[in-house]
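Descriptive structure summary
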Amino acid sequence: MKKSLFCLFGIFFLFFHFSYSWSDELILVGDCRQASGNENHVLAEKIINDAIQYVQDNSQPPSELQGIILTGDYVSRGKDPAGWESFRSAYSAAFEYPLYPCLGNHDTEVFDLAYKRWNYYETFQKPRWYSVDIGNVHLISLDSDLSWNPLSPELLLEIMQYHWFKKDLRRNAGKFNIVIWHEPAYSSHPAESKGHGSNLFMRHRYVPVCEAFGVDLVLCGHNHWYERTLPIKNGIVSDEGITYITAGGGGANLYPAAVEQQDKLKDKDGNILSAANASAYHFCVLSVSDNTITIKAVQYQTHEILDSFEVQKN
Ligand SMILES: [Fe+2]
Ligand SMILES: [Fe+2]
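As a starting point, this report considers the structure included with it. The structure presented is a predicted model; accordingly, all values stated were derived computationally and were not measured. (Residues numbered from 1 in each chain as written. Chains lettered and ligands numbered in written order. Predicted model: local features only at pLDDT ≥ 70, side-chain atom pairs only at ≥ 80, totals over all residues.)

Topic: the overall build of the chain
Helix and strand counts for the chain come out as seven helices and 17 strands. Counting all 314 residues of the chain, 41% fall into the buried class. A separation threshold of at least 6 residues defines the contact pool for the chain, and within that pool the share at least 24 residues apart is 72%. (Helix = DSSP H or I, 4+ residues; strand = E, 2+ residues; numbered from the N terminus. Buried ≥ 20, exposed ≤ 12 C-beta atoms within 10 Å, placed from the backbone. Contact = placed C-beta atoms within 7 Å.)

Spelled out as structure tokens, the structure:
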């Protein structure tokens, strides 16, 4: 009797194991602000709702949407409460899920250590840097606008963030480590375009920490397009490197993609580091299972797959 019960249990286990592959689904969207005169989020609302519907339509139980990662620039002027009201209203369906934001350059206000008064804080109830566990993922959010400048009144905050970041990564080895910040450390966008090339401060100060502590993915916004790099370590392509994604297609005016070879991101020897780049409104879907994250960049409305790749953890 006992034996046949074990057999039955084994058959059920195998059936469910091979019939259902579970994953935690996360949406990634960036740069939903839309400023032409007065702030509005008409397109942003359509894109985020399309993303939520897409995940609901394309994932079978027990996979389900665990939250939405937002890579900054929710409004055009951080100090303007009306812009935030517009954002919250447009994202009302998104607020039904846990939101994991980072602070964009448009979301900041004048220097204010008491960030709890900020519209950003009131909207998300999240500080300038934080970490959170979402199933197999340890997600860390940083503020890329805190620069190490001896003349900056925010210097102390930057030092605090930097040391907290190292400590947090040291404590959380083992899971997938995903780090989000707003301004990409690796971007094909031209450096001369006023703060929209690669953010070299983040590259030189935070990327080495990411590399030392086994970060798997860095997700950014700021440049209004989609871009993915090849895995990079020490500035060159490496199997042990980190993949950097820019997902800035959440509603703000798009940038033209870097079509010509000479315009693409390169390493110091001239080898191309950019693996995919598209000028399109889009969202990304991250499907996280035991030891794999599958990332798809999906074009808004057409649902064309702009890019798809996997990150493995042994
Ligand atoms: Fe930005
Ligand atoms: Fe932006």
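That was the structure; now back to the text.
Quick notes on helix H3 (residues 81-90)
Listed as buried for H3 are Gly-83, Trp-84, Ser-86, Phe-87 and Ala-90. Projected down its long axis, H3 shows its buried positions confined to an angular sector of 155°, all on one face. Across H3 from its buried face, at more than 90 degrees, point the exposed residues Pro-81, Ala-82 and Ser-89. (Arc of directions from axis to C-beta.)

Here we look at the sheet that holds strand E1 (residues 24-29)
Within the open sheet, the six strands sit side by side as E5-E4-E1-E15-E16-E17. Their pairing is mixed. If you trace the sheet from one side to the other, it starts and ends with strand E5 (99-101) and strand E17 (305-312), each paired once. Here the average twist between neighbouring strands, direction ignored, is 20°. Sheet analysis places E1 next to strand E15 (residues 282-288), joined by five bridges and oriented antiparallel. Each residue of the ladder has a partner; that of Asp-24, found in E15, is Val-288. (Pairing = 2+ DSSP bridges. Axes fitted to C-alpha atoms, helices over the stretch in contact; angles between N-to-C directions.)

A word on the sheet that holds strand E9 (residues 217-220)
Judged by pairing direction, the sheet is mixed, and its seven strands sit side by side in the order E6-E7-E8-E9-E13-E10-E14 without closing on themselves. The strands lining the two open edges of the sheet, one partner per strand, are strand E6 (130-134) and strand E14 (274-278). Between one strand axis and the next, the sheet turns through 15° on average, direction left out of account. Bridge count for strand E10 (residues 226-229) against E14 is four bridges, and the pairing is antiparallel. Residue Thr-229 lies in a different strand from E14, and its bridge partner there is Ser-274.

A short note on the nonpolar core
Ranked by internal contacts, the top residues of the largest apolar core, which has 72 residues, are Ile-27, Leu-28, Val-29, Val-218 and Leu-219. If we skip the residues at most four places from it in the chain, Leu-219 touches Leu-28, Ile-69, Thr-71, Ile-178, Ile-180, Ile-245 and Ala-247. (Core = buried A, V, L, I, M, F, W, Y, C linked by C-beta atoms within 7 Å.)

A closer look at the pairing of E17
Along any regular strand, the residues point their side chains to alternate faces of the sheet. As defined by bridge partners, strand E16 (residues 292-299) adjoins E17 across seven bridges and the pair is classed as antiparallel. Residue pairing in the sheet places Lys-296 in a bridge with Ser-308 of E17.

A look at the environment of Lys-79
Examined against the element boundaries, Lys-79 turns out to sit in the loop between strand E4 (64-70) and H3. Taking the number of C-beta atoms within 10 Å as the measure of exposure, Lys-79 has 13 and is therefore partly exposed. Residues Lys-79 and Asp-107, spaced 28 residues apart in sequence, show a C-alpha to C-alpha distance of 7.7 Å.

Section: the environment of His-106
Looking at the secondary structure, you find His-106 in the loop between E5 and helix H4 (119-124). Counting along the chain gives 28 residues from His-106 to Gly-78, while the straight-line C-alpha distance between them is 5.8 Å. Those residues within four positions of His-106 in sequence are excluded, and the remaining contacts are Arg-33, Asp-73, Val-75, Ser-76 and Gly-78.

Observations regarding unusual backbone geometry
For Asp-73, which is not glycine, the phi torsion reads 60° and is therefore positive. By the secondary structure assignment, Asp-73 is in the loop between E4 and H3. A positive phi is found at His-303, a non-glycine position, where the angle reads about 60°. Examined against the element boundaries, His-303 turns out to sit in the loop between E16 and E17.

Let's talk about helix H2 (residues 42-58)
Residues spaced three or four apart along an α-helix point in a common direction, a consequence of the helix completing one turn every 3.6 residues. Across its 17 residues, H2 extends 25 Å between first and last C-alpha, which sits within 8% of the 24 Å expected from 1.5 Å per residue. Contacts made by the buried residues of H2 are with E1, E4, H3 and E15. (Expected span 1.5 Å × (residues − 1).)

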